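Residue-level structural notes
Spelled out, the chains give:
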Amino acid sequence: MKKKLFLVMILSAIMLVMAACGSDKSASGDSEVTLKWYMIGTPQKDHDKVMKEVNKYTQEKLGFGVDMTQIDWGDYGGRMQTMINSGENFDIAYTAAGEFVTYSQKGAFMDISQYLDKEGKKMKAELNDELWKGVTMDGKVYGVPSNKEIGEQQVYVFNKDLVDKYKMDVSKVNSFADLGPLLKTIKENEPNITPIGGNKDFKPVTPFDYLIDSAVPLPFAVDEYNDTGKVVNFYEQPETIAILKDLHGFYKDGYVSKDIATSTDPWSYEKENWFVRIEKYQPYAESIWDKQTNGQYKVVTQPIMKTPIIKNSSVTGAIQAVSVTSKHPKESVEFLNLLNTDPYLRNLVDKGIEGTHYKELADGSIEDLPARVENYSMPTYALGNHFILKRYSDEPKDKWEKFKEFNDESKASPGLGFYFDSKNVRTEIAAITNVCNEFGPALLTGTVDPDTYMPKFKKKLNDAGMKTVMTEMQKQYDAFNKDKKE
């Protein structure tokens, strides 16, 4: 009897093992696949409710589930650094800009190019080609970019009520110097208005593409309109010097706040205390800024540079990357492919559950319900393809068509896809960054006279190893351009 019972137990155990093996949905051999996905943003109350629906859908479509963990805005960077440095196992994570570059170069993110012709085929075709260039380094694709506006176009944003009051023609503002007469009018007639709104992060627009992402631009740049093949110090270029001189003149005339180089004032649209500011544009941005004024006034824009420029910074603002520690890279790309091409999944993750978080109107547009505002407000920009999102009822019907037109008009910078590997000059880069943090804000806000300040700046840059870095960067940029032509 005991022997029979023992045999039954052994057979049962074998059957359990076989059943487990039979239920394997993963190429990696795990019994169940649930992708671990890290996303930036404040954790939402209805997260679990929405993810339950997401998993129903992914199980049906793909045969596996997804577990999204949101990490709050201020904590995300630190947590990601800890997870990557410790080698934690996860599958997908949000990343962007400089962090994306650093982690990719360090080998933290996986080259997914081997999966793009099969698991990611539809996504590869649907996303703009220039976006893929921005996430490619040395022929390796390190992430899936958010498909939205691809070009960067900065504009002057004016208080339209003041423009109308003084009968100004802002369409004739074609250079930084052209602002002068308008600013003078505001200074003389509007004592409660600062002509130019800006804080320590203010940067006048120059025709250069900065090659190293930094809060204060490092000197290394290329002409963003003309493919000269040369890396230059943009601070000392004639175009930049002319703008900095104009800006210093504006500072002396009181057109900017005296503490602009140190101020952290966000210059909120809710306060009607500024006349003009510089912003990055996207189609129908005026309507967004108008809403932010709470009806106090309206805005009007004038492009600073006529053609939107596609840069690394404009196409790497939101990326989903696959971790090198992932045990399920194939499934990760399959999921990202679905997220970026399936309207139902994209809107579910972003907007929540129809009937609970939003309602769809007869014309196909949507309106938020209280549950979305209170319990499920997600960072839309970070989640993937924008062109398959539902349109809100108060948005223009041709919104996505205008975005596509904007993208078609955008021109690639010669520096698009070039990522400098600083491993041979890390000490010099650190020293140059310190020098730029010391001199940059004062120069870029007009606080100091460039004629007297620039020579000191250049000397400190040279002492920090500027020539060494420039030589190394030019060498890498030459190799990059050679590869592009082959």
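Structure's up top.
Below, the structure is looked at part by part. (Residues numbered from 1 in each chain as written. Predicted model: local features only at pLDDT ≥ 70, side-chain atom pairs only at ≥ 80, totals over all residues. Heavy atoms only, no water.)

1. Remarks on the pairing of strand E1 (residues 34-40)
Each regular strand shows side chains that alternate between the opposite faces of the sheet. Definition in use: Burial classes follow relative accessibility: with a 1.4 Å probe on protein chains only, a residue under 20% of its type's maximum area counts as buried, one over 50% as exposed, and anything between as partly exposed. For the purposes of this entry, the term helix denotes a DSSP run of H or I that reaches at least four residues, the term strand denotes a run of E that reaches at least two, and both are numbered from the N terminus. Between any two strands, pairing holds if DSSP finds at least two bridges. Convention used here: a crossover is right-handed provided that the path from the first strand, over the helix, to the second strand proceeds clockwise when the strands point away from the viewer.
In terms of burial, E1 is largely enclosed, as five of its seven residues are buried. Judged from the seven bridges that link them, E1 and strand E2 (residues 65-71) form a sheet pairing that is parallel. Across the sheet, the residue bridging to Leu35 is Val66, located in E2. A crossover links E1 with its parallel partner E2, the connecting element being helix H2 (residues 47-61), and its sense is right-handed. The pairing of E1 with strand E3 (residues 92-95) spans two bridges and is classified as parallel.

2. Quick word on helix H9 (residues 238-252)
To be explicit about the condition: Expected span of a helix: the number of residues minus one, times 1.5 Å. By definition in these notes, contact holds between two residues if any of their heavy atoms fall within 4.5 Å.
Across its 15 residues, H9 extends 21 Å between first and last C-alpha, which sits within 8% of the 21 Å expected from 1.5 Å per residue. All of the buried residues along H9 are Thr240, Ile241, Ile243, Leu244, Leu247, His248, Phe250 and Tyr251. Where H9 is buried, its residues touch helix H8 (180-189), strand E8 (194-196), strand E9 (208-210), helix H16 (426-444) and helix H17 (450-464). One or two steps after H9, the chain reaches Gly254, where phi turns positive at roughly 80°.

3. A few points about the packing of aromatic side chains
Our working definition: Side-chain rings of Phe, Tyr and Trp (the six-membered ring for Trp) are treated as a pair once their centres are within 6.5 Å; stacked means planes under 30 degrees apart, edge-to-face means over 60, and tilted covers the remaining angles.
Scanning all chains against the criterion turns up 25 aromatic pairs. The interplanar angle of 85° and the centroid separation of 5.9 Å between the aromatic rings of Tyr103 and Phe109 together place this pair among those described as edge-to-face. In this structure, Tyr103 and Phe109 share a single accessibility class: buried. Residues Phe387 and Phe403 carry aromatic rings whose centres are separated by 6.4 Å and whose planes lie at 75° to one another, so their mutual orientation is edge-to-face.

4. Examining the sheet that holds E9
Cut-off, in case you're wondering: Orientation is described by axes fitted as lines to C-alpha atoms, over the contacting stretch for helices, and by angles from 0 to 180 degrees between their N-to-C directions.
Strand order in the open sheet made by the three strands is E9-E10-E11, with antiparallel pairing throughout. Whereas interior strands pair on both sides, the edge strands pair on one side only; in this sheet they are E9 and strand E11 (232-233). Sheet topology note: the strand E10 (residues 220-223)/E11 ladder contains two bridges and is antiparallel. The partner of Phe220 across the bridge, within E11, is Asn233. In the packing of helix H18 (residues 466-485) onto the sheet, contacts are made with E10 and E11, and the angle to E10 comes to roughly 45°.

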